[in-house]
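Architecture and fold: a report
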Amino acid sequence: NPVTLSVVLTSLALGTIFTVSSSHWFLAWMGLEINTLAIIPIMTQHKHPRAIEASTKYFLTQAAASALLLFSSLNNAWLTGEWSIMDLTNPLSCTTMTVAICMKLGLAPFHFWLPEVLQGINLTTGLILSTWQKLAPMAILYQIAPTLNTPLLLALGLVSTLVGGWGGLNQTQLRKIMAFSSIAHLGWMVSILPFSPQLMILNLTIYLIMTSTMFLMLKTISSTKISSLATSWSKTPTTTALSLLTLLSLGGLPPLSGFVPKWFILQELTNQNTTILATTLALSALLSLFFYLRLTYI
């Protein structure tokens, strides 16, 4: 129904705008809830068992993360008397808030829902889940970055980049590969967040552009598996060639645009005397680059 679809899409947009523009924890939580409830009908519009399973997993995970986020803000308000997003000063609230947002985003080790959910839905909904749904939690992270626990964020970022690299190695489904790619990119963003939030925004912007391009190309050539991507060369050579370039850009191969944020992040981490972290992140990027290169060879 066009009316229902327009209501759902409007709610999806409004939920994110609520969260991004609010300075009060309750309004931010409300925006996230509207966002979650709005995408469920989009995920279940095709009555398939995989889609129903994916939407159930997504709803339960997001509901748990929202409850933890509300608990964190309530705990902080109880102890400090402040509901402002910028005044998250209680250490317990900071830690639980970080965990809640990591669950929302699908950062490792809270990533287990993301590949399964992305695999169970179509490419259009997967595009929304991988791009638009990341904006609201990232906006909250950006606002509370100065008060967060830096070692915890760096640990989560490092684990995410490693999991994103290793997880994609033995996959044949393109949506699962894109899910692990998302986990790895989010790891890079979280790693630089305590030192330079502006670099995180740069990384997020380039990630959104590249991921949107990749999903739209996969939708154009109706490809969800590596085998169908391999046979698309004879039908749509230009689109296939561009999709391979986009994959290499996602992997961070110079001189493509995906290399720019990785370069800046490694430079900033080295300047902050976290050379070991920078080296490990660079090596973990090679894992991701391996399966992107494998896709391009095929």
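Sequence order sets the numbering: in each chain, residues are counted from 1 along the sequence as written. Since the coordinates come from a predicted model, pLDDT governs what is reported: local features require at least 70, and pairs of side-chain atoms require 80 or more to be given and counted, while whole-chain, interface and lining totals use all residues. Note: side-chain values were computed over all heavy atoms of the structure, leaving out hydrogens and water.

Considering the UniProt feature "domain: NADH:quinone oxidoreductase/Mrp antiporter transmembrane" (unreviewed entry) in the protein
UniProt positions are given in the numbering used here, feature names are shortened, and annotations may be inferred rather than shown by experiment. Look at the UniProt record and you will see "domain: NADH:quinone oxidoreductase/Mrp antiporter transmembrane" (unreviewed entry) annotated at residues 22-286. We count a stretch as a helix when DSSP gives it H or I for four or more residues in a row; a strand needs E for two or more, and each element gets its number in order from the N terminus. In residues 22-286, the share of helix is 76% and the share of strand is 0%. The end C-alpha atoms are 38 Å apart.

Some thoughts on the environment of Ser228
Tracing the sequence through the fold places Ser228 in helix H11 (residues 226-231). Ser228 sits ten residues away from Leu218 along the chain, and the two C-alpha atoms are 10.0 Å apart. Definition of a polar contact: a pair of N or O atoms within 3.5 Å, with one able to donate and the other able to accept a hydrogen when the atoms are protein atoms, and with sequence-neighbouring residues admitted only if both atoms are side-chain atoms. At 3.0 Å, the side chain of Ser228 forms a polar contact with the side chain of Ser223.

Some thoughts on the packing of aromatic side chains
Planes of paired rings set the category: under 30 degrees apart is stacked, over 60 is edge-to-face and the rest tilted, where pairs are Phe, Tyr or Trp rings (Trp by its six-membered ring) whose centres lie within 6.5 Å. By the definition in use, this model includes five aromatic pairs. Between Trp263 and Phe264, the ring centres sit 5.8 Å apart and the planes meet at 25°, which makes this aromatic pair stacked. The partly exposed category is assigned to Phe264, whose relative accessible area is 32%. The buried label goes to any residue with under 20% of its type's maximum accessible area, the exposed label to any with over 50%, and the partly exposed label to all in between, with areas taken from a 1.4 Å probe on protein chains only.

Quick look at the side chain of Gln143
Its location among the elements puts Gln143 in helix H7 (residues 132-144). A residue is classified by how much of its surface remains accessible, and Gln143, at 18% relative accessible area, is buried. Whether two residues touch is decided by their heavy atoms; if any such pair falls within 4.5 Å, the residues are in contact. Non-local contacts of Gln143, meaning those with residues more than four positions away in its chain, are made with Thr19, Val20, Ser22, Ile85 and Met86.

Some details on helix H14 (residues 275-297)
One less than the residue count of a helix, multiplied by 1.5 Å, gives the span that helix is expected to have. The end-to-end C-alpha separation of H14 is 33 Å, in line with the 33 Å expected for 23 residues at 1.5 Å each. Residues of H14 that are buried make contact with helix H8 (150-167), helix H9 (174-192), H11, helix H12 (237-251) and helix H13 (259-271).

Here we look at the domain arrangement of the protein
According to the domain assignment, the protein consists of domain 1 (1-142) and domain 2 (149-297). The distance between the C-alpha centroids of domain 1 and domain 2 comes to 22 Å. Taken together, the contact pairs 28 residues of domain 1 with 34 residues of domain 2. Summed over both partners, the interface of domain 1 with domain 2 buries about 2,700 Å², with 79% contributed by carbon and sulfur atoms. By buried area we mean how much accessible surface two parts lose on assembly, using a 1.4 Å probe and totalling the loss over both. Of all residues in domain 1, Gln119, Leu123 and Tyr142 bury the most surface against domain 2, accounting for 25% of the area lost on that side. Domain start and end points were adopted from an automatic or database domain assignment.

Let's talk about H13
The first and last C-alpha atoms of H13 sit 18 Å apart over 13 residues, in line with the 18 Å expected at 1.5 Å per residue. If you check which residues of H13 are buried, you get Pro261, Lys262, Ile265, Glu268 and Leu269. One side of H13 holds all its buried residues, which, seen down the axis, span an arc of 130°. Taken together, the buried residues of H13 touch H9, helix H10 (197-220), H12 and H14. Looking one or two residues beyond H13, the residue adopting positive phi is Asn273, at roughly 60°. Of all possible arcs, the one meant is that of the directions from the helix axis to the C-beta atoms.

Some points on the UniProt feature "transmembrane region" (unreviewed entry) in the protein
According to UniProt, the feature "transmembrane region" (unreviewed entry) maps to residues 56-75, 95-114, 151-170, 177-195, 201-218, 239-256 and 276-295 in the numbering used here. Between the C-alpha atoms that bound residues 177-195 there is a distance of 29 Å. The span itself is 84% helix and 0% strand. For the annotated span residues 201-218, helix accounts for 100% and strand for 0% of the residues, and the straight-line distance between the end C-alpha atoms is 26 Å.

A word on the pattern of salt bridges
Within this document, salt bridges are pairs made up of a side-chain nitrogen of Lys or Arg and a carboxyl oxygen of Asp or Glu, the two lying within 4 Å of each other. As enumerated under the stated definition, the model contains two salt bridges in all. Where Glu53 meets Lys57, a salt bridge forms, and the shortest distance between an N and an O atom there is 2.9 Å. Residue Glu53 and its partner Lys57 are both found in helix H3 (residues 49-80); the two are separated by four residues, about one turn of the helix. Judged by its relative accessible area of 29%, Lys57 falls in the partly exposed class. Notably, a salt bridge pairs Glu116 with Lys176, separated by 3.5 Å at the nearest N-O pair. Of this pair, Glu116 sits in helix H5 (residues 113-120) while Lys176 sits in helix H9, and the two are 60 residues apart along the sequence. Owing to a relative accessible area of 31%, Glu116 belongs among the partly exposed residues under this scheme. Among the residues examined, Lys176 registers a relative accessible area of 17% and is labelled buried.

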